[in-house]
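Remarks on the overall topology
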Amino acid sequence: SKSGSGSKSRTPAGGSIKHLQEADEGLPSDFFDKKGGKTEAGPSAKGSEEPTPMDDSTSLPEGFFDDPIQDAKARGIEYKDPAEEEWEAFKKEISAEVAAADEAQAEGELQDTEERQLDEIEEQMQAWSRVRDA
């Protein structure tokens, strides 16, 4: 059976495959067990690698993904639908115009009311002058 394991680390032409020999001979039997000291170093090394992909994801250029929602999500920003933004801008503009129109209408109504009151006062003064003269 040893000759069988030795043939694993040889090429068909008879040459040796160094990394396979090292894998057969150099690793302890519990190397892949999670209880060993190597696994404690593994997560800390993995923990130090995790921020790097996060940094890479924020450095994605705009438009990296075809889907704009996925693109914004990958870059960690809020997705803003251009049509929705345009609609909000339109509503804001219209509300400003409506407010200006309401103000102009209220001013016109106030002016009409003042003129009507002045006319009524004028009529009352004329009526009193007729009463006084009579």
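See the structure shown above.
In this report, we go over the structure that sits alongside the text. In this text, all values refer to a predicted model and were calculated from it rather than measured experimentally. (Residues numbered from 1 in each chain as written. Predicted model: local features only at pLDDT ≥ 70, side-chain atom pairs only at ≥ 80, totals over all residues. Heavy atoms only, no water.)

1. Observations concerning the overall build of the protein chain
Inclusion rule: Elements are defined by DSSP. Helices are runs of H or I of four residues or more, strands are runs of E of two residues or more, and each kind is numbered from the N terminus. Buried means the residue's accessible area, taken with a 1.4 Å probe over protein chains only, is under 20% of the maximum for its type, while exposed means over 50%, and partly exposed covers the values in between.
Counting its secondary structure elements, the protein chain contains 6 helices and 0 strands. Reading the protein chain from its N terminus to its C terminus gives the helix and strand order α-α-α-α-α-α. Across the 134 residues in the protein chain, those meeting the buried criterion constitute 3%.

2. Some words on the environment of Glu62
Stated precisely, the cut-off is as follows: Residues are treated as being in contact if the distance between any of their heavy atoms lies within 4.5 Å.
Mapped onto the elements of the fold, Glu62 is located in the loop between α4 (51-58) and α5 (68-75). On the basis of relative accessibility, which here comes to 70%, the residue Glu62 falls in the exposed class. The contacts of Glu62, once residues within four sequence positions are left out, are Asp71 and Arg75.

3. A word on a nonpolar patch on the surface
Rules: Note that patches include only residues with greater than 30% relative accessible area and no salt bridge, and the join distances are 9 Å for like charges and 5 Å for nonpolar side chains (Val, Leu, Ile, Met, Phe, Trp, Tyr). For the area figures, the Shrake-Rupley method with a 1.4 Å probe applies, and any residue is considered shielded solely by the protein chains shown. Salt bridge, as applied in this entry: a Lys or Arg side-chain nitrogen positioned within 4 Å of an Asp or Glu carboxyl oxygen.
The grouping of Trp87, Phe90, Ile94 and Val98 at the surface amounts to a nonpolar patch, some 380 Å² of accessible area in total. With respect to the secondary-structure elements, Phe90 resides in helix α6 (residues 82-133). The exposure class assigned to Phe90 is partly exposed, which follows from its relative accessible area of 45%.

4. Topic: the packing of aromatic side chains
Selection rule: Centre distance within 6.5 Å is the pairing criterion for rings of Phe, Tyr and Trp, where only the six-membered ring of Trp is used; planes under 30 degrees apart are then read as stacked, over 60 as edge-to-face, and the remainder as tilted.
Using the criterion set out here, one finds 2 aromatic pairs in the structure. Taken together, a centroid distance of 5.1 Å and an interplanar angle of 85° make the contact between Phe64 and Phe65 edge-to-face. Assessed through its relative accessible area of 48%, Phe64 is described here as partly exposed. On the basis of relative accessible area, Phe65 is assigned to the partly exposed category, the value being 26%. When the centroid spacing of 5.7 Å and the interplanar angle of 25° are considered together, the rings of Trp87 and Phe90 count as stacked. With a gap of 3 residues between them, Trp87 and Phe90 both fall in helix α6, about one helical turn apart. Overall, the relative accessible area of 44% leaves Trp87 in the partly exposed class.

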